[in-house]
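The residues making up each chain are set out below.
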Amino acid sequence: MTSKVAEESLGYEQARDELIEVVRRLEAGGTTLEESLALWERGEELARVCRRWLEGARARLDAALAEEDAEDGAAGDEE
């Protein structure tokens, strides 16, 4: 299992690519129960990392759109 620090240092693409590999290995089978559980746990960690990145991106987009709307509203008031 990875530490929280290592998990937080993963970029979105790195976490996504590793998650894809974990899913591929689980789907392929041939692992012991213990290995499968470890892969599942790692996959859950990677999914959380990806989710945090995507939520952060969504928040940034929402903030940028809100700022743009506020600027458009202020420009309309000046006319």
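Cut-offs and rules
- Residues numbered from 1 in each chain as written.
- Predicted model: local features only at pLDDT ≥ 70, side-chain atom pairs only at ≥ 80, totals over all residues.
- Heavy atoms only, no water.
- Helix = DSSP H or I, 4+ residues; strand = E, 2+ residues; numbered from the N terminus.
- Polar contact = N/O pair within 3.5 Å; in protein donor to acceptor, adjacent residues only side chain to side chain.
- Core = buried A, V, L, I, M, F, W, Y, C linked by side-chain atoms within 4.5 Å.
- Buried < 20%, exposed > 50% of the residue type's maximum accessible area, 1.4 Å probe, protein only.
- Contact = heavy atoms within 4.5 Å.

Quick word on the side chain of Arg42
Note on placement: Arg42 falls in helix H3 (residues 33–78). A polar side-chain atom of Arg42 sits 3.1 Å from a polar atom in the side chain of Glu45.

Some thoughts on the nonpolar core
Core analysis: the biggest nonpolar cluster contains seven residues, these being Leu10, Ala15, Val22, Leu39, Leu46, Val49 and Cys50. No other element matches H3, which puts four residues into this core. For Leu46, the residues in contact, after removing those within four places along its chain, are Leu10, Ala15, Glu18, Leu19 and Val22.

Comments concerning the side chain of Glu45
Along the chain, Glu45 turns up in helix H3. On the basis of relative accessibility, which here comes to 5%, the residue Glu45 falls in the buried class.

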